[in-house]
Amino acid sequence: MMDESISNYLEEYLTPRRKSLFDKVLAERTNHLTLVTQDVYQLHNTSAVVRSCDVFGIQNIHVIEEKFPRRIDKEIAMGAQKWVSINRYNSTAACMENLKKNGYRIVATSPHGNAVTPEEFDLTSPAAIFFGTEKDGLPQEMIEQADACIKIPMVGFTESLNISVSAAIILHSLTQRLKHSQISWRLSDEEKFRIRLEWMKKTIKNSDQIIERFLKS
Ligand SMILES: C[S@@+](CC[C@H](N)C(=O)[O-])C[C@H]1O[C@@H](n2cnc3c(N)ncnc32)[C@H](O)[C@@H]1O
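Here the structure is a predicted model, which means the values were calculated and not measured.

Rules of the game
- Residues numbered from 1 in each chain as written.
- Predicted model: local features only at pLDDT ≥ 70, side-chain atom pairs only at ≥ 80, totals over all residues.
- Heavy atoms only, no water.
- 1 Å grid on protein atoms, 1.4 Å probe; cavity = no way out; pocket = protein on both sides within 12 Å on 5 of 7 lines; lining within 4 Å.
- Points joined across faces, edges and corners; volume = space filled by probe spheres on them.
- Helix = DSSP H or I, 4+ residues; strand = E, 2+ residues; numbered from the N terminus.
- Nonpolar A, V, L, I, M, F, W, Y, C, P; charged D, E, K, R; others polar.
- Salt bridge = Lys/Arg side-chain N within 4 Å of Asp/Glu carboxyl O.
- Buried < 20%, exposed > 50% of the residue type's maximum accessible area, 1.4 Å probe, protein only.

Undergrad: What should I look at first to understand the layout of surface pockets in this one?
TA: Here the idea is plain: a probe the size of a water molecule rolls over the atoms and shows the empty space left. There is about 490 Å³ of room inside the largest pocket. Forming the walls of the largest pocket are 29 residues, and the residues nearest its centre are T109, S110, P111, G137 and S160. Elements supplying a minimum of two residues to the lining of the largest pocket: α6 (140-145), β6 (148-150) and α7 (163-179). The leading source of residues in the lining of the largest pocket is α7, at three residues. Of the residues belonging to the lining of the largest pocket, the class tally is 11 nonpolar, 13 polar and five charged. Estimates place the volume of the second largest pocket at around 180 Å³. Every residue lining the second largest pocket is counted, 16 residues in all, and those nearest its centre are Q59, S85, R194, I195 and E198.

What follows is the structure, given as structure tokens:
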């Protein structure tokens, strides 16, 4: 109730253009798919992955920082995450537990072995797509225990794609397929409301003070 009043009040500070942009972007957002990075340590890769999530409509990204703690602090300070919700974990187990609790299948990605292509991947239930580190990729044990594994076919001499490139290719393929499917992939009204409120708080100048003034009035 209080959030609803705050939201209505903050709406007054949005231009008509910004309001319709929020509506347009939220209409294409999904939580049916989510992306997980496991100990990705190069900031430009994390930044590119977050950007791809925004571009392809993925609202939530899960960042595991088991071996390289606090790697994305700088990215957060630079505002790369403004439109995407970043969930951080210091262990893979904690991340998996949270995802499974929320109904996600655990899906590995790998340039090796037996796996389905993005075009063959079963989209019917929610999926959390894991991407591994630049050097070693995902642990073999994790790949074997995952509910599925996705591999982008490669025909060159190079052993693998860059992590952010592979994330963009997979997200593009899966989101296009979702949009042409009968699967219910869009956000609920409650999810849209929460995200819109977060976006308003992040983008309206001095939103903290505005809210404080509103609460006192
Ligand atoms: C640079 S690769 C890691 C290479 C590592 N030597 C390995 O064996 O996985 C980083 C991450 O990008 C993703 N990736 C790279 N190429 C891929 C491909 N062809 N198909 C699916 N995922 C890929 C995977 O998530 C991988 O863990």
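On we go from here.
Undergrad: When you look at unusual backbone geometry in this model, what are you seeing that I'm missing?
TA: The general pattern is negative phi for most residues beyond glycine and trans for most peptide bonds. Not every positive phi belongs to a glycine, and D39 is a case in point at roughly 55 degrees. Looking at the secondary structure, you find D39 in the loop between β1 (33-38) and α3 (43-56).

Undergrad: How should the pattern of salt bridges be read in this particular structure?
TA: Opposite charge on two side chains permits them to pair, given that their charged atoms come into close proximity. A complete count under the given rule lists 10 salt bridges for this structure. The salt bridge involving R88 is made with E65; its shortest N-O contact spans 3.1 Å. With a gap of 23 residues between them, R88 in strand β3 (residues 85-89) and E65 in the loop between β2 (60-64) and α4 (73-77) connect regions that are remote in the sequence. Residue classification places R88 among the partly exposed positions, given a relative accessible area of 30%. Taking relative accessible area as the criterion, E65 reaches 9% and is therefore assigned buried. Through salt bridges with shared partners, one network takes in D3, E190 and R194.

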